[in-house]
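# Structure assessment
Take a look at the letters that make up each chain.
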Amino acid sequence: MKRALLSLVLLPLLVLPLAGCPAASSTTPPAALAPGYSTALDQQLGQTLAALRAGDYAATTSYLALTPAQQAAEKSALNNFTAAVNTADALYLAFHAGVTVANPNPPSADQVQAAVATATSAQTNFNATLGVKQ
Amino acid sequence: MLGIVGIIQLALSLVGGILQNKGVITANTDNLITQLSGLGSGLLTSVLANKGTATAGISDTMAALGTLSGVIQTLKTNNTNAPADFLAYLDEADKSVNASLGAYVQAGKGFDVTMFAPVPEVS
């Protein structure tokens, strides 16, 4: 079932590059933004953080089923990962919202990207604990 | 692309962990282990080859992770007598990989603020 779903997901990814082939003399048009995003960078950051957050949430759910020894091996790295993801998500949401009355100085894209890099690094550290089980 | 890199790192970590546990899972999965070993290096090769071409990198990675998910399911089915911590490890990695992939695709369909809700820390 999962493989079938993944195949459905993969199909448009494999087809889109062909459908978007430009004429020889034209430039490739930029991909259309998904609804709700303001720029390509906004969407890229949103997709990246959604993936990080979902992986983190799944890991925290799975954590409850682990043995005490496994939990001890993972707890610190998992909480560091969670804290980094939550920080990056908060920054991203403020960046995504842009200038508002409540937040006249939203974070810059560089600030969000730095937070994403920190979260990715924390994820790498957490992943390393997954192999330490025996 | 950082999210995809993280997913790849998780997949490679998974492959490494399975190889580490080769001595505790049943002998008839040797072929699967060989597949996993190739898949890990294949993923890395794909990412390096597609550096700078985001779409190709994503589709290659997702295809490889789709295969990985199938292999994980087979390992879980064939190794019900394996140590509980090893099976829990497979479950954890499998769920995390699939959740990340699903969220990446879902977020690509449109912005949804609920996908960024804070995750509670474990106690």
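In this text, all values refer to a predicted model and were calculated from it rather than measured experimentally.

The rules behind the values
- All residue numbers refer to positions counted from 1 along the written sequence of the respective chain.
- Labels are handed out in written order, letters beginning with A for the chains and numbers beginning with 1 for the ligands.
- Where totals are concerned, whole chains, interfaces and linings use all residues; where local detail is concerned, this predicted model gives features only for residues with pLDDT of at least 70, and gives and counts side-chain atom pairs only at 80 or more.
- The basis for the side-chain values is all heavy atoms of the structure; hydrogens and waters are excluded.
- Secondary structure counts use DSSP, requiring at least four H or I residues in a row for a helix and at least two E residues in a row for a strand, with both numbered from the N terminus.
- In what follows, residue pairs with any heavy atoms lying within 4.5 Å of each other are defined as contacts.
- Accessibility throughout is a Shrake-Rupley quantity obtained with a 1.4 Å probe, and a residue counts as covered only by protein chains that appear here.
- Between buried and exposed lies partly exposed: a residue is buried under 20% and exposed over 50% of the maximum accessible area for its type, with that area taken using a 1.4 Å probe on protein chains only.
- Positive residues here are Lys and Arg, negative ones are Asp and Glu, while His and the chain termini are left out of the count.
- Criterion for a salt bridge: a side-chain nitrogen of Lys or Arg within 4 Å of a carboxyl oxygen of Asp or Glu.
- For a helix, the expected span equals 1.5 Å multiplied by the residue count minus one.
- At any given residue, the bend is defined as the angle formed between two axes, one fitted to the seven residues that end at that position and one fitted to the seven that begin there.
- Residue-level confidence of the predictor, termed pLDDT, takes values from 0 up to 100.
- Between the N-to-C directions of two axes lies an angle of 0 to 180 degrees, each axis being a line fitted to C-alpha atoms and, for a helix, fitted only over the stretch in contact.
- Orientation categories follow fixed angle ranges, with anything under 35 degrees roughly parallel, anything over 145 roughly antiparallel, 65 to 115 roughly perpendicular, and all other angles oblique.
- Two helices that cross are described as forming a left-handed crossing if the nearer one is turned anticlockwise from the farther one by less than a right angle, and a right-handed crossing if clockwise.
- Put simply, Ala, Val, Leu, Ile, Met, Phe, Trp, Tyr, Cys and Pro go in the nonpolar bin, Asp, Glu, Lys and Arg in the charged bin, and everything else, Gly too, in the polar bin.
- For this analysis, a nonpolar core means a set of buried residues of the types Ala, Val, Leu, Ile, Met, Phe, Trp, Tyr and Cys, connected via side-chain atoms within 4.5 Å.

### Concerning the overall build of chain A
Along its length, chain A carries four helices and zero strands. Nonlocal contacts in chain A, meaning residues at least 24 apart in sequence, comprise 61% of its contacts between residues at least 6 apart. With an accessible surface of roughly 7100 Å², chain A has 66% of that area assigned to carbon and sulfur atoms.

### Structural notes on the overall build of chain B
Counting secondary structure elements, chain B contains four helices and zero strands. Along the chain direction, N to C, the helices and strands of chain B fall in the order α-α-α-α. For chain B, the proportion of its 123 residues judged to be buried stands at 50%. In chain B, the proportion of contacts linking residues at least 24 apart, taken out of those at least 6 apart, comes to 69%. Surface summary for chain B: the accessible area is close to 5200 Å², and the carbon and sulfur share equals 59%.

### Focus on the side chain of Asp89 of chain A
Relative to the elements of secondary structure, Asp89 of chain A occurs in helix H3 (residues 68-97). In this structure, Asp89 of chain A is buried with no salt-bridge partner, the nearest side chain bearing the opposite charge being Arg53 of chain A at 4.9 Å. Contacts of Asp89 of chain A, omitting those with residues within four sequence positions, involve Leu49 and Arg53 of chain A together with Phe116 of chain B.

### Quick word on H3 of chain A
Along its 30 residues, H3 of chain A runs 41 Å from first to last C-alpha, staying within 8% of the 44 Å computed at 1.5 Å per residue. The largest bend in H3 of chain A is about 45°, located at Glu74 of chain A.

### Here we look at the confidence of the model for chain A
Of the residues in chain A, 73% reach a pLDDT of 70 or more, and the chain-wide mean stands at 78. Between residues 1-25 of chain A, whose pLDDT stays under 50, and residues either more than four places distant or in other chains, the model counts 23 contacts.

### Topic: the packing of helix H2 (residues 40-63) of chain A against H3 of chain A
Residue and element names in this part refer to chain A. Packing of H2 against H3 brings their axes to within 9 Å, and their N-to-C directions diverge by 150°. By the angle between their directions, the pair H2 and H3 is classed as roughly antiparallel. Of the two elements, H2 crosses H3, and the hand of that crossing is left-handed. Seen from H2, the contacting residues are Asp42, Leu45, Gly46, Leu49, Leu52, Arg53, Asp56, Ala59, Thr60 and Tyr63; seen from H3, they are Gln71, Glu74, Lys75, Leu78, Phe81, Thr82, Val85, Ala88, Asp89, Tyr92, Phe95 and His96. Taken together, the residues of the contact of H2 with H3 sort by class into eleven nonpolar, five polar and six charged.

### Examining helix H4 (residues 84-107) of chain B
With 24 residues, H4 of chain B extends 34 Å between its outermost C-alpha atoms, agreeing within 8% with the 34 Å of an ideal straight helix rising 1.5 Å per residue. Summarising burial for H4 of chain B: 17 of the 24 residues are buried, a large majority.

### Considerations on the nonpolar core
Soluble, globular proteins show a tendency: their nonpolar side chains are buried together. One finds Leu49, Leu52, Leu78, Phe81 and Tyr92 of chain A to be the most contacted residues of the largest nonpolar core, which totals 29 residues. Of all the secondary structure elements, the ones that give two or more residues to this core are H2, H3 and helix H4 (109-130) of chain A together with H4 of chain B. Excluding anything up to four places from it in sequence, Phe81 of chain A contacts Leu52, Asp56, Ala119, Ala122, Gln123 and Phe126 of chain A. Residues Leu75, Ala82, Phe86 and Tyr89 of chain B belong to the second largest nonpolar core, which totals six residues.

### Quick word on the environment of Phe116 of chain B
The residue Phe116 of chain B is located in the segment after H4 in this model. Among the residues examined, Phe116 of chain B registers a relative accessible area of 3% and is labelled buried. Once residues lying within four places of it in the same chain are set aside, the contact partners of Phe116 of chain B are Gly46, Leu49, Ala50, Arg53, Asp89, Tyr92 and Leu93 of chain A together with Phe111 of chain B.

### A closer look at the confidence of the model for chain B
Residues and elements named next belong to chain B. Per-residue pLDDT for chain B averages 68, and the proportion of residues at 70 or more is 41%. Here helix H2 (residues 30-49) is the element of chain B with the lowest mean pLDDT, 58, and H4 is the one with the highest, 78. Every residue in residues 51-57 is under pLDDT 50, and counting partners more than four places away or in other chains gives five contacts. This prediction of the complex comes with two scores: 0.69 for pTM and 0.75 for ipTM.

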